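What the coordinates show
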Amino acid sequence: MKEILNNLNKLAKDKHIENKKYFDKLKKKQPKNLDYVMQDLHDAEFKKTDCLQCANCCKTTGPLFTLADIERISKSFRQKPQQFIEQYLRVDEDKDYVLQSLPCTFLDDENYCMIYDVRPKACREFPHTDRKKFNQITDLTLKNVAICPAAYNIVEEMKKKLPL
């Protein structure tokens, strides 16, 4: 996994222009079955991908915390939401709540999430490759292929399965 992660950024950069052109075409000519194909590709990839071997998303990027996330997580800590915010979060340039620092405060030494059952929605849905209306999040997917080996593999398979 380390070797894959070491090469992922370069691989993603090498494919960036190709992927951007592909996604631009996809937006213009969306296959009717796109969401079903993406769900199948996502499921197949995550049958063979163990996120605990990687956790690159938790190490290199932080999720957005919605107010619902903050309420849920702070309740599990038996804290007031404001205490949770002050202890763990900051407001970014887009006025969103994000972690104060990376890697994620809640990631342990064995890549387990210490708040897994109450983790933010953004974490539950990452890398978003099984999301409905996939064609609306292609810019996000372009970013995620440089972070997540599974997202990279899914996009490569997508281009084979849905040539444009």
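Residues numbered from 1 in each chain as written. Predicted model: local features only at pLDDT ≥ 70, side-chain atom pairs only at ≥ 80, totals over all residues. Heavy atoms only, no water.

**Some thoughts on the pattern of salt bridges**
In this structure the tally under the stated criterion is 11 salt bridges. Ionic pairing is found between D69 and R72, a salt bridge with its closest N-O pair at 2.7 Å. Remark: R72 and D69 occur in helix α4 (residues 67-76); sequence separation between them is three residues, near one turn of the helix. The salt bridge involving E156 is made with K159; its shortest N-O contact spans 2.9 Å. Highlighted residues: E156 and K159, both in helix α8 (residues 149-161), separated by three residues, approximately one helical turn. Among the residues examined, E156 registers a relative accessible area of 15% and is labelled buried. On the basis of relative accessibility, which here comes to 13%, the residue K159 falls in the buried class. (Salt bridge = Lys/Arg side-chain N within 4 Å of Asp/Glu carboxyl O. Helix = DSSP H or I, 4+ residues; strand = E, 2+ residues; numbered from the N terminus. Buried < 20%, exposed > 50% of the residue type's maximum accessible area, 1.4 Å probe, protein only.)

**So, the packing of aromatic side chains**
In this description, an aromatic ring pair is defined by two values, namely the gap between the centres and the angle between the planes. For the structure shown, the criterion picks out nine aromatic pairs. Measuring from centroid to centroid gives 5.9 Å for F77 and Y88, while their planes differ by 55°, and the two rings are tilted. Of the two residues, F77 is situated in the loop between α4 and α5 (81-88) and Y88 in helix α5; the sequence distance between them amounts to 11 residues. Judged by its relative accessible area of 29%, F77 is partly exposed. Ring geometry for F84 against Y88: centres 5.1 Å apart, planes inclined by 40°, an arrangement best described as tilted. In this pair, F84 and Y88 both sit in helix α5, four residues apart, roughly one turn of the helix. (Phe/Tyr/Trp six-rings, centres within 6.5 Å; stacked < 30°, edge-to-face > 60°.)

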